[in-house]
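# An overview of the molecular structure
Here is how the chains run, residue by residue.
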Amino acid sequence: MVSYKDLGLVNSKEIFAKAFKGKYAIPAFNFNNMEQLQAIIAACVEKKSPVILQVSSGARKYANQTLLRYMAQGAVEYAKELGYPIPIVLHLDHGDTFELCKSCIEFGFSSVMIDGSHHPYDKNVEETAKVVEYAHKYDVTVEGELGVLAGIEDDVKAETHTYTEPSQVEDFVKKTGVDSLAISIGTSHGANKFKPDQCTRNAQGILVPPPLRFDILEEVEKRIPGFPIVLHGASSVPQDKVATINQFGGALKDAIGIPEDQLRKAAASAVCKINIDSDGRLAMTAAVREVFATKPGEFDPRKYLGPARDSLKELYMHKVTDVLGSAGQA
Ligand code: G3H
Ligand code: 13P
Ligand code: ZN
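Throughout what follows, the structure given in this document is the object of discussion. (Residues numbered from 1 in each chain as written. Chains lettered and ligands numbered in written order. Predicted model: local features only at pLDDT ≥ 70, side-chain atom pairs only at ≥ 80, totals over all residues. Heavy atoms only, no water.)

On a plain count of helices and strands, the protein chain comes out with 13 helices and 12 strands. Over its C-alpha trace the protein chain gives a radius of gyration of 19 Å, about what one expects of a compact globule, namely 20 Å for 330 residues. For the C-alpha atoms alone, the extent of the protein chain along its principal axes is close to 60 × 50 × 35 Å. A total of 330 residues make up the protein chain; the buried ones form 54% of that total. Pairs at least 24 residues apart make up 76% of the contacts formed inside the protein chain by residues separated by at least 6 positions. (Helix = DSSP H or I, 4+ residues; strand = E, 2+ residues; numbered from the N terminus. Rg over C-alpha atoms; globule rule 2.2 N^0.38 Å. Buried < 20%, exposed > 50% of the residue type's maximum accessible area, 1.4 Å probe, protein only. Contact = heavy atoms within 4.5 Å.)

Laid out in C-alpha coordinates, this is it:
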(Lines give C-alpha, C1' and ligand atoms only; values in the text may rest on other atoms or scores of the structure.)
(Ligands and ions follow the chains in the order given, each with its own letter.)
Protein backbone atom coordinates (compact mmCIF):
# COMPACT_ATOMS: atom_id res chain seq x y z
CA MET A 1 0.00 0.00 0.00
CA VAL A 2 1.36 3.44 -0.99
CA SER A 3 -0.34 6.48 0.49
CA TYR A 4 -0.76 9.42 -1.85
CA LYS A 5 0.15 11.61 1.09
CA ASP A 6 3.68 10.19 1.05
CA LEU A 7 3.92 11.10 -2.64
CA GLY A 8 3.08 14.75 -1.96
CA LEU A 9 -0.34 14.57 -3.63
CA VAL A 10 -3.62 15.94 -2.24
CA ASN A 11 -7.22 14.76 -2.48
CA SER A 12 -9.86 16.99 -4.05
CA LYS A 13 -11.69 18.13 -0.91
CA GLU A 14 -10.02 21.42 -0.15
CA ILE A 15 -9.43 22.52 -3.74
CA PHE A 16 -13.10 21.90 -4.59
CA ALA A 17 -14.27 23.87 -1.56
CA LYS A 18 -12.10 26.79 -2.68
CA ALA A 19 -13.22 26.47 -6.31
CA PHE A 20 -16.85 26.52 -5.25
CA LYS A 21 -16.38 29.65 -3.15
CA GLY A 22 -14.18 31.35 -5.75
CA LYS A 23 -16.50 30.51 -8.68
CA TYR A 24 -13.91 28.79 -10.82
CA ALA A 25 -13.25 25.18 -11.84
CA ILE A 26 -10.20 22.94 -11.36
CA PRO A 27 -8.79 21.52 -14.60
CA ALA A 28 -8.76 17.72 -14.89
CA PHE A 29 -6.36 16.94 -17.71
CA ASN A 30 -5.88 13.34 -18.86
CA PHE A 31 -2.36 12.06 -19.37
CA ASN A 32 -0.66 8.84 -20.34
CA ASN A 33 2.86 9.89 -21.32
CA MET A 34 5.74 12.08 -20.18
CA GLU A 35 5.28 14.98 -22.60
CA GLN A 36 1.62 15.42 -21.59
CA LEU A 37 2.59 15.38 -17.93
CA GLN A 38 5.43 17.86 -18.44
CA ALA A 39 3.10 20.22 -20.32
CA ILE A 40 0.35 20.01 -17.69
CA ILE A 41 2.71 20.70 -14.79
CA ALA A 42 4.71 23.41 -16.58
CA ALA A 43 1.50 25.21 -17.61
CA CYS A 44 -0.19 24.95 -14.20
CA VAL A 45 2.93 26.01 -12.30
CA GLU A 46 3.46 28.99 -14.61
CA LYS A 47 -0.18 30.02 -14.17
CA LYS A 48 -0.31 29.00 -10.48
CA SER A 49 -3.32 26.72 -10.95
CA PRO A 50 -4.20 23.63 -8.91
CA VAL A 51 -4.53 20.60 -11.15
CA ILE A 52 -6.06 17.13 -11.34
CA LEU A 53 -3.94 14.62 -13.22
CA GLN A 54 -6.42 12.23 -14.66
CA VAL A 55 -5.76 8.61 -15.65
CA SER A 56 -8.33 6.46 -17.45
CA SER A 57 -8.27 2.68 -17.15
CA GLY A 58 -6.99 2.59 -20.75
CA ALA A 59 -4.21 5.01 -19.83
CA ARG A 60 -3.33 2.87 -16.82
CA LYS A 61 -2.97 -0.20 -19.03
CA TYR A 62 -0.96 1.81 -21.56
CA ALA A 63 1.46 3.44 -19.14
CA ASN A 64 1.73 0.82 -16.34
CA GLN A 65 0.46 1.60 -12.87
CA THR A 66 3.86 1.54 -11.16
CA LEU A 67 5.35 3.95 -13.67
CA LEU A 68 2.30 6.19 -13.31
CA ARG A 69 2.77 6.39 -9.57
CA TYR A 70 6.38 7.44 -9.94
CA MET A 71 5.41 9.88 -12.68
CA ALA A 72 2.88 11.53 -10.36
CA GLN A 73 5.48 11.67 -7.59
CA GLY A 74 7.88 13.11 -10.16
CA ALA A 75 5.28 15.71 -11.10
CA VAL A 76 5.14 16.91 -7.50
CA GLU A 77 8.92 17.26 -7.41
CA TYR A 78 8.98 18.87 -10.87
CA ALA A 79 6.51 21.54 -9.73
CA LYS A 80 8.73 22.33 -6.74
CA GLU A 81 11.78 22.51 -8.99
CA LEU A 82 9.93 24.92 -11.28
CA GLY A 83 9.52 27.13 -8.23
CA TYR A 84 5.88 26.84 -7.19
CA PRO A 85 4.45 23.74 -5.49
CA ILE A 86 0.83 23.64 -6.75
CA PRO A 87 -1.77 21.23 -5.31
CA ILE A 88 -1.77 18.08 -7.47
CA VAL A 89 -4.46 15.37 -7.38
CA LEU A 90 -3.93 11.96 -9.00
CA HIS A 91 -7.38 10.81 -10.09
CA LEU A 92 -8.77 7.64 -11.68
CA ASP A 93 -11.07 8.64 -14.55
CA HIS A 94 -14.13 6.45 -15.21
CA GLY A 95 -13.29 3.62 -12.83
CA ASP A 96 -15.69 0.84 -13.72
CA THR A 97 -15.24 -1.63 -10.85
CA PHE A 98 -14.61 -1.61 -7.12
CA GLU A 99 -11.46 -3.69 -7.72
CA LEU A 100 -9.96 -1.11 -10.10
CA CYS A 101 -10.69 1.73 -7.67
CA LYS A 102 -9.21 -0.24 -4.77
CA SER A 103 -6.09 -1.05 -6.76
CA CYS A 104 -5.59 2.61 -7.70
CA ILE A 105 -6.02 3.68 -4.07
CA GLU A 106 -3.37 1.11 -3.09
CA PHE A 107 -1.05 2.44 -5.79
CA GLY A 108 -1.12 6.05 -4.56
CA PHE A 109 -4.11 7.70 -6.25
CA SER A 110 -5.64 10.46 -4.12
CA SER A 111 -9.03 10.45 -5.83
CA VAL A 112 -11.09 7.98 -7.84
CA MET A 113 -14.18 8.07 -9.99
CA ILE A 114 -16.56 5.14 -9.83
CA ASP A 115 -18.69 5.49 -12.92
CA GLY A 116 -21.84 3.47 -12.33
CA SER A 117 -23.86 5.69 -14.62
CA HIS A 118 -24.56 2.87 -17.09
CA HIS A 119 -26.09 0.72 -14.35
CA PRO A 120 -29.66 0.95 -13.09
CA TYR A 121 -29.95 3.51 -10.28
CA ASP A 122 -29.89 1.06 -7.35
CA LYS A 123 -26.82 -0.76 -8.65
CA ASN A 124 -25.07 2.58 -9.23
CA VAL A 125 -25.81 3.53 -5.61
CA GLU A 126 -24.56 0.17 -4.33
CA GLU A 127 -21.28 0.18 -6.33
CA THR A 128 -20.56 3.81 -5.54
CA ALA A 129 -21.24 3.40 -1.80
CA LYS A 130 -18.87 0.41 -1.70
CA VAL A 131 -16.04 2.42 -3.27
CA VAL A 132 -16.71 5.40 -0.97
CA GLU A 133 -16.58 3.19 2.12
CA TYR A 134 -13.16 1.84 1.12
CA ALA A 135 -11.73 5.12 -0.21
CA HIS A 136 -12.67 7.20 2.81
CA LYS A 137 -10.68 4.90 5.11
CA TYR A 138 -7.61 6.28 3.32
CA ASP A 139 -8.85 9.85 2.95
CA VAL A 140 -9.22 9.35 -0.81
CA THR A 141 -12.03 11.36 -2.43
CA VAL A 142 -14.63 9.79 -4.72
CA GLU A 143 -16.50 11.11 -7.75
CA GLY A 144 -19.76 9.43 -8.81
CA GLU A 145 -21.91 9.96 -11.88
CA LEU A 146 -25.62 10.26 -12.54
CA GLY A 147 -26.92 10.47 -16.10
CA VAL A 148 -25.21 9.18 -19.24
CA LEU A 149 -23.23 11.32 -21.69
CA ALA A 150 -23.69 10.64 -25.39
CA GLY A 151 -20.55 9.35 -27.13
CA ILE A 152 -17.83 6.90 -26.15
CA GLU A 153 -16.54 6.35 -22.61
CA ASP A 154 -13.83 3.71 -22.67
CA ASP A 155 -15.64 0.74 -24.25
CA VAL A 156 -19.18 1.93 -23.60
CA LYS A 157 -21.00 3.86 -26.34
CA ALA A 158 -24.27 5.76 -25.89
CA GLU A 159 -26.08 7.19 -28.92
CA THR A 160 -27.94 9.90 -27.03
CA HIS A 161 -27.70 11.77 -23.74
CA THR A 162 -29.61 10.60 -20.74
CA TYR A 163 -29.66 13.87 -18.86
CA THR A 164 -29.21 13.76 -15.10
CA GLU A 165 -32.51 13.56 -13.29
CA PRO A 166 -32.29 16.31 -10.61
CA SER A 167 -34.82 14.51 -8.39
CA GLN A 168 -32.25 11.70 -7.88
CA VAL A 169 -29.18 13.70 -6.84
CA GLU A 170 -30.00 14.32 -3.19
CA ASP A 171 -30.78 10.67 -2.54
CA PHE A 172 -27.66 9.55 -4.47
CA VAL A 173 -25.32 11.84 -2.58
CA LYS A 174 -26.85 10.92 0.78
CA LYS A 175 -26.85 7.15 0.19
CA THR A 176 -23.37 6.92 -1.36
CA GLY A 177 -21.37 9.54 0.54
CA VAL A 178 -19.58 10.68 -2.66
CA ASP A 179 -17.46 13.83 -2.56
CA SER A 180 -18.40 15.11 -6.03
CA LEU A 181 -20.91 14.29 -8.71
CA ALA A 182 -20.54 14.18 -12.50
CA ILE A 183 -23.73 15.13 -14.29
CA SER A 184 -25.01 14.96 -17.85
CA ILE A 185 -26.19 18.31 -19.25
CA GLY A 186 -25.27 18.00 -22.92
CA THR A 187 -21.49 17.55 -23.01
CA SER A 188 -20.05 14.35 -24.49
CA HIS A 189 -16.69 12.64 -24.93
CA GLY A 190 -14.45 12.85 -27.99
CA ALA A 191 -13.99 15.35 -30.83
CA ASN A 192 -17.39 14.88 -32.49
CA LYS A 193 -19.79 16.13 -29.90
CA PHE A 194 -22.46 17.47 -32.25
CA LYS A 195 -23.58 16.82 -35.80
CA PRO A 196 -23.54 19.96 -38.01
CA ASP A 197 -27.32 19.67 -38.45
CA GLN A 198 -27.74 20.07 -34.66
CA CYS A 199 -25.94 23.45 -34.86
CA THR A 200 -26.87 26.91 -36.08
CA ARG A 201 -24.53 29.36 -37.88
CA ASN A 202 -23.59 32.70 -36.31
CA ALA A 203 -23.01 35.96 -38.22
CA GLN A 204 -19.44 34.87 -39.05
CA GLY A 205 -20.70 31.58 -40.47
CA ILE A 206 -19.27 29.58 -37.55
CA LEU A 207 -21.28 26.56 -36.35
CA VAL A 208 -22.77 27.11 -32.89
CA PRO A 209 -23.88 23.96 -31.03
CA PRO A 210 -27.02 23.84 -28.89
CA PRO A 211 -26.42 25.32 -25.41
CA LEU A 212 -25.79 23.11 -22.40
CA ARG A 213 -28.79 22.38 -20.16
CA PHE A 214 -28.07 24.98 -17.49
CA ASP A 215 -31.66 24.54 -16.31
CA ILE A 216 -30.76 21.00 -15.16
CA LEU A 217 -27.57 22.25 -13.51
CA GLU A 218 -29.56 24.90 -11.61
CA GLU A 219 -32.07 22.30 -10.43
CA VAL A 220 -29.20 20.10 -9.23
CA GLU A 221 -27.61 23.04 -7.40
CA LYS A 222 -30.88 23.76 -5.61
CA ARG A 223 -31.17 20.21 -4.39
CA ILE A 224 -27.58 19.78 -3.18
CA PRO A 225 -26.42 23.31 -2.35
CA GLY A 226 -22.66 23.77 -2.14
CA PHE A 227 -21.92 20.31 -3.51
CA PRO A 228 -19.07 20.03 -6.08
CA ILE A 229 -20.31 19.17 -9.58
CA VAL A 230 -18.13 17.72 -12.36
CA LEU A 231 -18.40 18.18 -16.12
CA HIS A 232 -16.99 15.46 -18.35
CA GLY A 233 -16.65 15.77 -22.10
CA ALA A 234 -15.73 19.45 -21.91
CA SER A 235 -13.25 19.82 -24.76
CA SER A 236 -13.90 22.75 -27.07
CA VAL A 237 -12.28 21.14 -30.14
CA PRO A 238 -10.24 24.18 -31.32
CA GLN A 239 -10.91 24.63 -35.02
CA ASP A 240 -7.37 25.85 -35.75
CA LYS A 241 -6.01 22.51 -34.50
CA VAL A 242 -8.56 20.58 -36.56
CA ALA A 243 -7.60 22.64 -39.64
CA THR A 244 -3.87 21.98 -39.09
CA ILE A 245 -4.49 18.25 -38.70
CA ASN A 246 -6.50 18.16 -41.93
CA GLN A 247 -4.04 20.40 -43.77
CA PHE A 248 -1.21 17.97 -43.01
CA GLY A 249 -2.88 14.73 -44.02
CA GLY A 250 -5.46 14.15 -41.27
CA ALA A 251 -9.10 13.35 -41.92
CA LEU A 252 -11.19 14.75 -39.08
CA LYS A 253 -14.75 15.37 -40.16
CA ASP A 254 -17.44 17.34 -38.31
CA ALA A 255 -15.24 17.85 -35.25
CA ILE A 256 -17.28 20.15 -32.99
CA GLY A 257 -16.83 20.84 -29.27
CA ILE A 258 -18.33 22.81 -26.38
CA PRO A 259 -17.99 26.59 -26.90
CA GLU A 260 -15.70 28.21 -24.33
CA ASP A 261 -18.34 30.70 -23.17
CA GLN A 262 -20.51 27.77 -22.05
CA LEU A 263 -17.63 26.39 -20.01
CA ARG A 264 -16.88 29.80 -18.47
CA LYS A 265 -20.48 29.97 -17.35
CA ALA A 266 -20.32 26.44 -15.93
CA ALA A 267 -17.04 27.16 -14.10
CA ALA A 268 -18.68 30.07 -12.28
CA SER A 269 -21.43 27.77 -10.97
CA ALA A 270 -21.25 24.70 -8.71
CA VAL A 271 -19.11 23.00 -11.36
CA CYS A 272 -15.75 22.59 -9.61
CA LYS A 273 -14.01 20.17 -12.00
CA ILE A 274 -13.89 20.30 -15.79
CA ASN A 275 -12.48 17.33 -17.73
CA ILE A 276 -10.42 17.93 -20.85
CA ASP A 277 -8.70 15.21 -22.83
CA SER A 278 -9.60 15.47 -26.54
CA ASP A 279 -8.30 19.05 -26.93
CA GLY A 280 -4.87 17.90 -25.77
CA ARG A 281 -4.96 15.02 -28.25
CA LEU A 282 -5.82 17.46 -31.04
CA ALA A 283 -3.05 19.90 -30.08
CA MET A 284 -0.46 17.11 -29.98
CA THR A 285 -1.59 15.53 -33.23
CA ALA A 286 -1.62 18.87 -35.07
CA ALA A 287 1.95 19.65 -33.96
CA VAL A 288 3.27 16.18 -34.79
CA ARG A 289 1.57 16.12 -38.21
CA GLU A 290 2.99 19.53 -39.04
CA VAL A 291 6.56 18.43 -38.26
CA PHE A 292 6.14 15.19 -40.23
CA ALA A 293 4.74 17.04 -43.24
CA THR A 294 7.13 20.00 -43.26
CA LYS A 295 10.32 18.22 -42.12
CA PRO A 296 10.10 14.75 -43.64
CA GLY A 297 13.76 14.04 -42.89
CA GLU A 298 13.23 14.40 -39.13
CA PHE A 299 13.32 11.17 -37.13
CA ASP A 300 14.38 12.23 -33.64
CA PRO A 301 11.22 11.90 -31.46
CA ARG A 302 12.28 14.97 -29.48
CA LYS A 303 11.91 17.02 -32.67
CA TYR A 304 8.21 16.22 -32.99
CA LEU A 305 7.23 15.47 -29.39
CA GLY A 306 8.96 18.69 -28.28
CA PRO A 307 6.71 20.92 -30.44
CA ALA A 308 3.72 18.80 -29.38
CA ARG A 309 4.61 19.47 -25.74
CA ASP A 310 4.98 23.22 -26.40
CA SER A 311 1.59 23.30 -28.08
CA LEU A 312 -0.01 21.39 -25.20
CA LYS A 313 1.48 23.76 -22.62
CA GLU A 314 0.06 26.74 -24.49
CA LEU A 315 -3.37 25.07 -24.67
CA TYR A 316 -3.42 24.29 -20.94
CA MET A 317 -2.32 27.83 -20.00
CA HIS A 318 -5.18 29.17 -22.11
CA LYS A 319 -7.68 26.82 -20.44
CA VAL A 320 -6.78 27.72 -16.86
CA THR A 321 -6.52 31.44 -17.58
CA ASP A 322 -9.30 32.18 -20.05
CA VAL A 323 -11.83 29.39 -19.54
CA LEU A 324 -11.76 27.75 -16.10
CA GLY A 325 -10.53 30.70 -14.06
CA SER A 326 -8.22 28.55 -11.91
CA ALA A 327 -5.07 30.55 -12.77
CA GLY A 328 -3.65 32.30 -9.71
CA GLN A 329 -5.65 30.10 -7.31
CA ALA A 330 -2.93 27.63 -6.25
O1 G3H B 1 -13.42 9.87 -20.83
C2 G3H B 1 -12.55 9.41 -21.55
C3 G3H B 1 -11.20 9.99 -21.56
O4 G3H B 1 -11.05 10.88 -22.63
C5 G3H B 1 -10.17 8.89 -21.58
O6 G3H B 1 -10.11 8.27 -22.80
O7 G3H B 1 -10.28 5.83 -22.28
O8 G3H B 1 -9.28 6.64 -24.44
O9 G3H B 1 -8.04 6.92 -22.30
P10 G3H B 1 -9.39 6.83 -22.96
P1 13P C 1 -13.26 15.27 -23.77
O2 13P C 1 -13.29 14.08 -24.69
O3 13P C 1 -14.32 16.27 -24.14
O4 13P C 1 -11.92 15.88 -23.67
O5 13P C 1 -13.67 14.74 -22.31
C6 13P C 1 -12.71 14.12 -21.48
C7 13P C 1 -13.32 13.48 -20.29
O8 13P C 1 -14.45 13.70 -19.92
C9 13P C 1 -12.46 12.56 -19.54
O10 13P C 1 -13.17 11.91 -18.53
ZN1 ZN D 1 -15.19 11.50 -18.92
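Right, let's talk about the site of ligand 2 for a bit. Lining the immediate surroundings of ligand 2 are 16 residues, of which Asp93, Lys193, Ser235, Asp277 and Ser278 lie closest. His189 is positioned with one of its side-chain polar atoms (N or O) 3.0 Å from an oxygen atom of ligand 2. The set of elements that each furnish at least two residues to the shell around ligand 2 consists of strand E3 (88-95) and strand E12 (271-276). Of the residues in the shell around ligand 2, the class split is 2 nonpolar, 11 polar and 3 charged. (Near = heavy atom within 4 Å. Polar contact = N/O pair within 3.5 Å; in protein donor to acceptor, adjacent residues only side chain to side chain. Nonpolar A, V, L, I, M, F, W, Y, C, P; charged D, E, K, R; others polar.)

Between helix H10 (residues 239-247) and helix H12 (residues 278-294), whose axes approach to 8 Å, the crossing angle comes to 35 degrees. For the element pair H10 and H12, the recorded crossing hand is left-handed. Across the interface between the two elements, Lys241, Thr244 and Ile245 of H10 pack against Leu282, Ala283, Thr285, Ala286, Arg289 and Glu290 of H12. Considered class by class, the residues forming the contact of H10 with H12 number 4 nonpolar, 2 polar and 3 charged. (Axes fitted to C-alpha atoms, helices over the stretch in contact; angles between N-to-C directions. Left-handed = near helix turned anticlockwise from the far one by under 90°.)

Turning to the pattern of salt bridges, a few remarks are in order. Applying the stated criterion to the full structure yields 17 salt bridges. For Asp171, the salt bridge identified is with Lys175, shortest N-O distance 3.1 Å. With Asp171 and Lys175 both in helix H8 (residues 166-176) and 4 residues apart, the pair spans about one turn of that helix. A salt bridge links Arg213 to Asp215, with the nearest nitrogen and oxygen atoms 2.8 Å apart. For Asp215, a relative accessible area of 41% translates into the label partly exposed. (Salt bridge = Lys/Arg side-chain N within 4 Å of Asp/Glu carboxyl O.)

The subject of this paragraph is the coordination of the zinc ion (ligand 3). The coordination sphere of the zinc ion (ligand 3), as far as protein atoms go, consists of His94 (NE2), His189 (NE2) and His232 (ND1), spread over 2.0 to 2.1 Å. Each donor residue of the zinc ion (ligand 3) belongs to the same chain, and together they define the spacing H-x94-H-x42-H. Of the two residues, His189 sits in the loop between strand E8 (180-183) and strand E9 (200-201) while His232 sits in the loop between strand E11 (229-231) and H10, which places them 43 residues apart along the sequence. Accessibility classification places His189 together with His232 in one group, the buried group. (Donors = N, O, S within 2.8 Å, 3.2 Å for Na, K, Ca; no water.)

The next point concerns the packing of aromatic side chains. Under the criterion given, the structure shown has 5 aromatic pairs. Consider the rings of Phe98 and Tyr134, whose centres lie 5.8 Å apart with planes at 80 degrees: the pair is edge-to-face. Of this pair, Phe98 sits in helix H6 (residues 98-106) while Tyr134 sits in helix H7 (residues 121-137), and the two are 36 residues apart along the sequence. Residues Tyr121 and Phe172 carry aromatic rings whose centres are separated by 6.3 Å and whose planes lie at 55 degrees to one another, so their mutual orientation is tilted. With a gap of 51 residues between them, Tyr121 in helix H7 and Phe172 in helix H8 connect regions that are remote in the sequence. (Phe/Tyr/Trp six-rings, centres within 6.5 Å; stacked < 30°, edge-to-face > 60°.)

All right, on to H6 then. Restricting attention to buried positions, one finds in H6 the residues Phe98, Leu100, Cys101, Ser103, Cys104 and Ile105. Those residues of H6 that are buried are in contact with helix H4 (57-63), helix H5 (65-82), E3, strand E4 (111-114) and H7.

Alternating positions in E4 separate into two faces, Ser111 and Met113 on one and Val112 and Ile114 on the other, with burial throughout. Note: E3 against E4, 3 bridges, orientation parallel. Bridge pairing links His91 to Ser111 in E4. Handedness of the crossover joining E3 and E4 through H6: right-handed. On the question of chirality, the crossover connecting E4 to the parallel strand E5 (residues 141-146) by way of H7 is right-handed. (Pairing = 2+ DSSP bridges. Right-handed = clockwise from strand over helix to strand, strands pointing away.)

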